[in-house]
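# Residue-level structural notes
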Amino acid sequence: MKGGATTIYVCMNTDCKSRGAQSVIDALQAHLEKSGKTEFKVEPYICFSACNSGPNVVVTDQRCWLSGVQPSDAKNIVRYLQGGPPVERLQGKNDPDLEEMIFSLIDAGLISD
Ligand code: FES
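This text gives an overview of the structure that appears in the document. All values reported here derive from a predicted model rather than from experimental measurement. (Residues numbered from 1 in each chain as written. Predicted model: local features only at pLDDT ≥ 70, side-chain atom pairs only at ≥ 80, totals over all residues. Heavy atoms only, no water.)

For the structure on display, the rule yields four aromatic pairs. By way of ring pairs, the aromatic residues Tyr9, Tyr45, Phe48, Trp65 and Phe103 are connected into one cluster. (Phe/Tyr/Trp six-rings, centres within 6.5 Å; stacked < 30°, edge-to-face > 60°.)

So, in structure tokens, the structure goes:
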């Protein structure tokens, strides 16, 4: 967590980008802005090594990994991050060991910004 806000990382490498990651970033930012939620911020990430399941969205603070994310998921994602119902369609798509390794790498400060 930086600056008091929970970071929502969105992969912007080739595969995720080709599946619409920029639109996912735009939708998340627009939803956060519209709803006045300053406790979250959205940042690009270089790659989570789960390129076949993207667009991938990772929130290490909550050990949350979402795959196949579409712009229309933005509202449900933010609701989930605030304790709402899980977004099951987007969860459990990757090897849990890979997800834990990426969480640890990001926590260790190996981030792209
Ligand atoms: S391109 Fe997104 S996880 Fe690698």
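Across the sheet, which stays open at both edges, the four strands sit in the order E2-E1-E3-E4 with mixed pairing between neighbours. Where the open sheet ends on each side, the last strands, each with one partner, are strand E2 (40–45) and strand E4 (64–66). On average, each strand axis in the sheet is tilted by 20° relative to the strand beside it, whichever way the strands run. Pairing between strand E3 (residues 57–59) and E4: three bridges, direction antiparallel. Among the inter-strand pairings, valine 57 is bridged to a residue of E4, identified as leucine 66. The strands that helix H2 (residues 21–35) touches are strand E1 (6–11), E2 and E3; relative to E1, the one it contacts most, it runs at about 155°. Against the sheet, helix H4 (residues 96–107) contacts E1, E2, E3 and E4, and its axis sits at roughly 120° relative to E4. (Pairing = 2+ DSSP bridges. Helix = DSSP H or I, 4+ residues; strand = E, 2+ residues; numbered from the N terminus. Axes fitted to C-alpha atoms, helices over the stretch in contact; angles between N-to-C directions. Contact = heavy atoms within 4.5 Å.)

Looking along the chain, the bond that leaves glycine 54 and enters proline 55 is cis, with omega of 0°. Summarising the element assignment, proline 55 is placed in the loop between E2 and E3. At arginine 63, a position not held by glycine, the phi torsion is positive, near 50°. Considering the arrangement of structural elements, one finds arginine 63 in the loop between E3 and E4. Overall, arginine 63 belongs to the partly exposed group, its relative accessible area being 37%. (Buried < 20%, exposed > 50% of the residue type's maximum accessible area, 1.4 Å probe, protein only.)

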